[in-house]
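# What the coordinates show
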Amino acid sequence: FLEQLSGFRAFAFQECRGSIGRHTMGSQQEAQSAKPSGSMCKLSFPLYAQVLVAIVLGVLVGTIFPRLATSSWVKMLGTGFVKLIKMAIGPIIFCTIVSGIAHVADAAKIGRVAVKAIMYFEIISTFALAIGLLVANLVQPGRGFTATGDEAAIDKYRKQAAEHTPQDFILNIIPTTMISGFAEGEILQVLFVAVIFGFALMKQGDRARSVNQLVEEASHVMFGIIAILMKAAPIGAFGAMAFTVGRYGVGTLGNLIGLVATFYLTAVVFVILVLGVVAAIARVNIFRFLYYIRGELLLVVATSSSESALPSLMTKLEQLGCAKAVVGLVVPLGYSFNLDGTNIYMTLATLFVSQAMGVHLSFAEQMQVMAVAMLTSKGATGVTGAGFITLAATLGSVRPELLPGMAVLLGVDKFMAECRSLTNIVGNGVAAVVVSLLEGELDREMMNRALNEGLGKGQDLQSESNDDLGADPESGSTLEHTSTA
C-alpha cells in the first residue's frame, strides 16, 4: 500500500509520457510539440496535493485500523521524515546567513535588521498572549471540568522546566564547539556561529572570495538535498497522521474537545485579525499569503513540526520578493523568539488549568502570567515537549499549586501542537515580509507576481528536482533554479 502511495505520481507521469509517445509516433515535429503536454501531466499532481492525499489516507487508516496505525513501523514513517528534514536545517541556515552577511557591505545593517525583528517579535507576542487571556476569560473552557492531579505524569516536565531558566537560555546560545550546534540541531547555536563567521568573512573582503563562493555552492547543494528528501513527504505525512489518529482518536478527547476547539478558533482569529492587519499595512492580503504557502502548511499539519517546512518556507519568502539577508536572519530568529501559537497556548492553557482546578487568578496574576510566558517561551522550539515545558515553567513561577493540573492536557497536546506549529510558521512568514518592508528591500513587483500566480518556484521542490534526477532528461531543468534563492 505504501509503495503504491509513493509511486503513484511516478506511475501517472510515465503513463502520460507513454500516451504522448503513442499518439506522436508519426513525426518528430509532433513529438516535440507534445512535450508541453507531458510537463502539464507531470505537474498535475504537485507535492502539496500528494501530502493532502496522504493526510486523508492517514486519517482513514488511523480510524479504521487503529492497531496497525499505532505500530512502531507506521510511527517510524512520520518520525523518520521529520528527522530527515531536521538534519539539513543547520547547514541551510548557516549557508544562507553567511552568504547574506558576506554580501552586505554595511555591518551595521545586520544589527539593524536583528533589532527591528526582535522588536516586532515582542510586539506581536504580546498581542498573542493577550488574545489567549481574553478568550480564556470570555469562554472559560475549564469551567465545570474536574481536573485530577497526576504528579507522576507531569513530574518529568516539572524537572525540565526547573532547568529552563533565562540564564541557561542565554548560555545555551553559545555552542560547546563550532560544530556542536549542527550535531545537536540547536538552531540558535547555528545562528550564532553563522553570524560570527559571516562578519569575519565580510571583513576579509576579496581574500575570502573563494570561501564565499564555496559557501554559496554548498547552499545550492543543500537545497538540492532538500529537494531529494521532499520526495518522502507524502509517506512521512501518511505515517504521522495515521499514528496520531490511531493512538489518540477524536473520541478520546472527551470534555477536552472544547479546549481544543477554543484554541483553534483563537489561533484563526489571531491570524486573520492581528497578522491580517499587519500584513494589510504591508499591502499583503493574508489569505493570498496563506494560499501561497499552502504546501508548507500542509506539511506542518502532517508532521506537527514547523521545522519540517523551514527550508522551503525560506525559499518561498525569497521568491516572494523578501531580501535574502532578511529572510536568512529573521526566519531562524523567529523560530526561537516569535512563537505566536505557543504564546496563545500558554495563556489559554494556564487559565484552563486554573478554572478546572477552581483556582482564581486575579488580574495582577494574569499580567504576571503574560510577563513570565514572554520569557519562558523563548528558545523552547527545539526542545521535545516544548509546549509542556514552557507551560510548567510558567505555572511554577506564578502558581505552583496548578502544576498537577497539567496532566489533564497530556491527551490532547498532540492535537494542539499542530495548531501551535501552524500559527508559528505563518507568524514568521509575515515577520519576514514586514522586516523586508521596513528595510526597504521588498520587491513589490516580484511579490505581486508570485501572489497572483499563487505558485512559488520553491513550492514543490520535489517536482523541480525530478528533471535533475533523471525523471525527464530532455526537459533541461536543473536544481540551480530552485536553489538560487
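In this text, all values refer to a predicted model and were calculated from it rather than measured experimentally. (Residues numbered from 1 in each chain as written. Predicted model: local features only at pLDDT ≥ 70, side-chain atom pairs only at ≥ 80, totals over all residues. Heavy atoms only, no water.)

Before going further, it helps to spend a moment on the overall build of the chain. Of regular secondary structure, the chain possesses 25 helices and zero strands. Counting across all 485 residues of the chain, residues that qualify as buried make up 54%. Accessible area of the chain: about 21,400 Å², with a carbon and sulfur share of 64%. (Helix = DSSP H or I, 4+ residues; strand = E, 2+ residues; numbered from the N terminus. Buried < 20%, exposed > 50% of the residue type's maximum accessible area, 1.4 Å probe, protein only. Areas by Shrake-Rupley, 256 points an atom, 1.4 Å probe, with all protein chains shown as cover.)

This model, assessed by the stated rule, comprises five aromatic pairs. When the ring of F263 is compared with that of Y264, the centres are 6.4 Å apart and the planes differ by 80°; the resulting orientation is edge-to-face. You can call F263 buried: its relative accessible area is 0%. A residue is classified by how much of its surface remains accessible, and Y264, at 29% relative accessible area, is partly exposed. A centroid spacing of 6.0 Å and a plane angle of 65° characterise the contact between F263 and Y345, whose relative ring orientation is edge-to-face. Of this pair, F263 sits in helix α14 (residues 257-281) while Y345 sits in helix α19 (residues 340-356), and the two are 82 residues apart along the sequence. In this structure, F263 and Y345 share a single accessibility class: buried. Joined through ring pairs, the aromatic side chains of F94, F182 and F197 make up one cluster. (Phe/Tyr/Trp six-rings, centres within 6.5 Å; stacked < 30°, edge-to-face > 60°.)

So, about unusual backbone geometry. Although it is not a glycine, Q140 adopts a positive phi angle of roughly 50°. Checked against the element boundaries, Q140 lands in the loop between α7 (107-139) and α8 (151-163). Notably, R283 is not glycine yet its phi reads approximately 60°, a positive angle. Within the secondary structure, R283 is located in the loop between α14 and α15 (286-292). Residue classification places R283 among the exposed residues on the basis of a relative accessible area of 61%.

Turning our attention to the packing of helix α17 (residues 310-319) against helix α18 (residues 324-337). Axis separation between α17 and α18 bottoms out at 10 Å; the angle between their running directions is 145°. For α17 against α18, the interelement crossing comes out right-handed. For the pair α17 and α18, the contacting residues are L310, L313, M314, L317 and E318 in the first and K324, V327, G328, V331 and Y335 in the second. Per-class residue counts for the contact of α17 with α18 are seven nonpolar, one polar and two charged. (Axes fitted to C-alpha atoms, helices over the stretch in contact; angles between N-to-C directions. Left-handed = near helix turned anticlockwise from the far one by under 90°. Contact = heavy atoms within 4.5 Å. Nonpolar A, V, L, I, M, F, W, Y, C, P; charged D, E, K, R; others polar.)

Let us now look at helix α11 (residues 187-204). An ideal rise of 1.5 Å per residue puts 26 Å on 18 residues; α11 measures up with 26 Å between its terminal C-alpha atoms. G205 lies just past α11 and shows a positive phi near 65°. (Expected span 1.5 Å × (residues − 1).)

On the surface, L52, V56, L60, I64, F65 and L68 cluster together into a nonpolar patch covering about 570 Å² of accessible area. Top contributing element to the nonpolar patch by residue count: helix α4 (residues 47-64), with four residues. Tracing the backbone through its elements, the reader meets L60 in helix α4. Judged by relative accessible area, L60 falls into the partly exposed class, the value being 44%. (Patch = residues over 30% accessible without salt bridge, like charges linked within 9 Å, V, L, I, M, F, W, Y side chains within 5 Å. Salt bridge = Lys/Arg side-chain N within 4 Å of Asp/Glu carboxyl O.)

Our focus in this paragraph is the pattern of salt bridges. Applying the stated rule across the entire model yields three salt bridges. Close ionic contact of R112 with E439 constitutes a salt bridge, the shortest N to O distance being 3.1 Å. Note that R112 is positioned in helix α7 and E439 in the loop between α22 (413-438) and α23 (444-453), a separation of 327 residues in sequence. Note on R112: relative accessible area 35%, which makes it partly exposed. Linking K116 and E439 is a salt bridge whose minimum nitrogen-to-oxygen distance equals 2.8 Å. Of this pair, K116 sits in helix α7 while E439 sits in the loop between α22 and α23, and the two are 323 residues apart along the sequence.

Time to look at the confidence of the model for the chain. Per-residue pLDDT for the chain averages 74, and the proportion of residues at 70 or more is 71%. The least confident element of the chain, judged by mean pLDDT, is helix α25 (residues 480-483) at 36; the most confident is α15 at 92. pLDDT under 50 marks residues 1-43. Its contacts with residues more than four places away, or in other chains, come to 36 contacts. A low-confidence stretch, residues 455-485 stays under pLDDT 50, and its non-local contacts, those more than four residues away or across chains, total 74 contacts. (pLDDT = per-residue confidence, 0-100.)

Quick look at the environment of A373 now. By the element assignment, A373 lies in helix α20 (residues 363-376). With a relative accessible area of 0%, A373 lands in the buried category. What A373 contacts, discounting residues up to four positions off in sequence, is L129, N343, M346 and T394.

Right, let's get into the side chain of N424. Following the sequence through the fold, N424 ends up in helix α22. Since its relative accessible area comes to 7%, N424 is described here as buried. What N424 contacts, discounting residues up to four positions off in sequence, is N338, L339, D340, G341 and T342.

Let us look at the packing of α14 against α19. α19 packs onto α14 with a crossing angle of 140° between their chain directions and a minimal axis gap of 10 Å. Considering the angle they form, α14 stands oblique to α19. Our pair here, α14 against α19, has a crossing hand that is right-handed. Contact residues: L259, T262, F263, T266, A267, F270 and L275 in α14; D340, G341, I344, Y345, L348 and F352 in α19. In terms of residue class, the contact of α14 with α19 is made up of nine nonpolar, three polar and one charged. (Parallel < 35°, antiparallel > 145°, perpendicular 65-115°, else oblique.)

Moving on, we come to the environment of N448. Secondary-structure assignment places N448 in helix α23. Here the alpha-carbon distance between N448 and G321, two residues 127 residues apart in the chain, equals 8.8 Å.

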